[in-house]
Every structure is written in structure tokens, then in C-alpha cells.
Amino acid sequence: HLDAVSSANNHGLDFGDSGDVSTGEYLQSFGIKRFGHPLTTPGALSPVVTHKDKKFCFVGYHSLFVATTSPVVSEIKTLRPDCWKVIVMAHWGEEYEHTADAAQHAQAHAFIDAGADLVVGAHPHVVQGYEVYKGRAVFYSLGNFMFDQNFSWGTTHGMLLRADFSDTETHFTVIPVSVRDQKTALTEGEDRQKVLDFAGVAEFSLP
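Treat the numbers as computed from the prediction; the structure is a model and nothing was measured.

(A) Up close: the overall build of the chain. Across its full length, the chain carries four helices and 12 strands. On C-alpha atoms alone, the chain measures out to a radius of gyration of 16 Å, which is about the 17 Å that the 2.2 N^0.38 rule sets for 207 residues. C-alpha extents for the chain along the principal axes are approximately 45 × 45 × 35 Å. Residues classed as buried in the chain amount to 45% of the 207 residues present.

(B) The arrangement of helix H3 (residues 102-114) in detail. Taking 1.5 Å of rise per residue, the 13 residues of H3 would be expected to cover 18 Å, and the 18 Å separating its terminal C-alpha atoms lies within 8% of that figure. Of all the residues in H3, the buried ones are Gln104, Gln107, Ala108, His109, Phe111, Ile112 and Ala114. The secondary structure elements touched by the buried residues of H3 are strand E4 (54-62), helix H2 (70-79), strand E5 (85-91), strand E6 (118-122), strand E7 (127-133) and strand E8 (136-142). Put simply, Asp101 is the residue that caps the front of H3, since its side-chain oxygen is 3.2 Å from the backbone nitrogen of Ala103. Positive backbone phi, at 125°, marks Gly115, one or two positions downstream of H3.

(C) Representation of unusual backbone geometry. The phi torsion at Lys52 lies on the positive side, around 50°, for a residue other than glycine. Phi at His125 takes a positive value of approximately 70°, unusual for a residue other than glycine. Its place among the elements puts His125 in the loop between E6 and E7. Residue classification places His125 among the buried residues on the basis of a relative accessible area of 11%.

(D) Molecular detail of the pattern of salt bridges. One pass over the structure, following the stated rule, counts six salt bridges. A salt bridge links Asp117 to Arg80, with the shortest nitrogen-to-oxygen separation between them at 2.7 Å. With a gap of 37 residues between them, Asp117 in the loop between H3 and E6 and Arg80 in the loop between H2 and E5 connect regions that are remote in the sequence. The residue Lys134 makes a salt bridge to Asp113 at a minimum N-O spacing of 2.8 Å. On the criterion of sequence distance, the pair formed by Lys134 in the loop between E7 and E8 and Asp113 in helix H3 is long-range, its members being 21 residues apart. Accessibility expressed as a relative area gives 59% for Lys134, which makes it exposed. Several salt bridges share partner residues, and in doing so they unite Arg80, Asp117 and Arg136 into one network.

(E) A look at the packing of H2 against H3. Across the interface, H2 lies against H3 with an axial gap of 8 Å and an inter-helix angle of 25°. With respect to their mutual orientation, H2 and H3 come out roughly parallel. Relative to H3, H2 is oriented so that their crossing is right-handed. Residues Val72, Val73, Ile76 and Lys77 of H2 pack against Ala110, Phe111 and Ala114 of H3.

(F) Focus on the nonpolar core. Val59, Tyr61, Ile76, Val88, Trp92, Phe111 and Val119 are the most contacted members of the largest nonpolar core, which has 22 residues in total. Elements represented by at least two residues in this core include exactly E4, H2, E5, H3 and E8.

(G) Representation of helix H4 (residues 189-199). Every buried residue of H4 is listed here: Val195, Leu196 and Ala199. One side of H4 holds all its buried residues, which, seen down the axis, span an arc of 95°. In this structure, H4 carries Glu190 and Asp197 as exposed residues pointing more than 90 degrees from its buried face. One or two positions beyond H4, positive phi appears at Gly200, with a value near 85°.

Conventions adopted
- Residues numbered from 1 in each chain as written.
- Predicted model: local features only at pLDDT ≥ 70, side-chain atom pairs only at ≥ 80, totals over all residues.
- Heavy atoms only, no water.
- Helix = DSSP H or I, 4+ residues; strand = E, 2+ residues; numbered from the N terminus.
- Rg over C-alpha atoms; globule rule 2.2 N^0.38 Å.
- Buried < 20%, exposed > 50% of the residue type's maximum accessible area, 1.4 Å probe, protein only.
- Expected span 1.5 Å × (residues − 1).
- Contact = heavy atoms within 4.5 Å.
- Polar contact = N/O pair within 3.5 Å; in protein donor to acceptor, adjacent residues only side chain to side chain.
- Salt bridge = Lys/Arg side-chain N within 4 Å of Asp/Glu carboxyl O.
- Axes fitted to C-alpha atoms, helices over the stretch in contact; angles between N-to-C directions.
- Parallel < 35°, antiparallel > 145°, perpendicular 65-115°, else oblique.
- Left-handed = near helix turned anticlockwise from the far one by under 90°.
- Core = buried A, V, L, I, M, F, W, Y, C linked by side-chain atoms within 4.5 Å.
- Arc of directions from axis to C-beta.

Printed below as a string of C-alpha cells:
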């Protein structure tokens, strides 16, 4: 079950504007909200998902074509008063690097300074570590979930992130996965631990 997906990535315009529009229409036909844009276009960055009378606001950010954080920072500040949680999904960083770079850190901090509750990253195709900044979590890269990059251990192992929100705390759980022949499964044994080592954490809670 999917409530919302991000289009803030470097392949969103591979089939031009018409492909982008048809993707949005296809998702809408299944009741899936889309957010973010390959060009970080204002006005197309965020949907609201309401669950048990709580408003979750998602904001998409793509740094590879337009690196400025200004539209996303502005969007977060606009959303903040009306949202229970603001979650930024960021497409950033260097491919195949297990360590987040200075730009990722600066961008994540800008989002949290603006009012984001959680920042979750993608694009490097491998797992990167996490950080707690001003009491808020940043997961710099979840790695691949479903992809055809079968050429290395790093690109065939990623992680899911579970965030359980309550009025008093947020509990995070990292769930390692493996991708083989474009099929995703939970990872066990030594490979599971290796993913957790790259992530730097298995689970934790923040107030």
C-alpha cells in the first residue's frame, strides 16, 4: 500500500514533460499522491497525507539539477504550522559513496532548521549513515530498493526505514534488504549486519 511517492529524482524527465504528466496521471488513478519534481519546481513539492486525524506533509528535494534548497526551505516553513510531521525526501549525494558529503549535511541541516521533523535520502545507490541534528534524524541514503545494478554488494543491499510516530517520541527501525534480479527480500545473517554497520544504527528513539 502506497500513499505517496516522490518524483524528485534525476530520471523523472527521461521521457520529457509528457512522460512526467502520464506518470502523475497513472499514480493518481491508483489514489497515490505524488510530490517533488526533478527541477525542484515550487508548487509541485508537497502533498498532505492524513492518518488518524494527523497531518503528515511530505516534501521532495532533488539536488542534482538545481542544487538550491530555497524552494524546499520555503515550502517547509509554509507547511509547518498546519502539519503534525514534516518529512523531506531528498535525492542527493555522490553515487556509490557510503559517506555523505558536506553538501548533503548542509542541505539536511537547512531543512531541519526550517522545521522538518525527518529527512530521508536516496540516489547514491548504496547505504549511507545517519545523523541526529537538533533532535531530528537524517538518514542520508537508504540505498537501492528495486534496481538493476547487480554489479556490486553495495548496490544489491539497501534498507527500509520504519518511523513510528507518537505524541511523545519517534521510534526508528532500520530493516536491511537485498536486491537480486530485481526482486527485493529481507536480508539475514552477515549481510544484514553489514548493512546495519553502514547505516550506523539498527533502531533508536527520539523525543
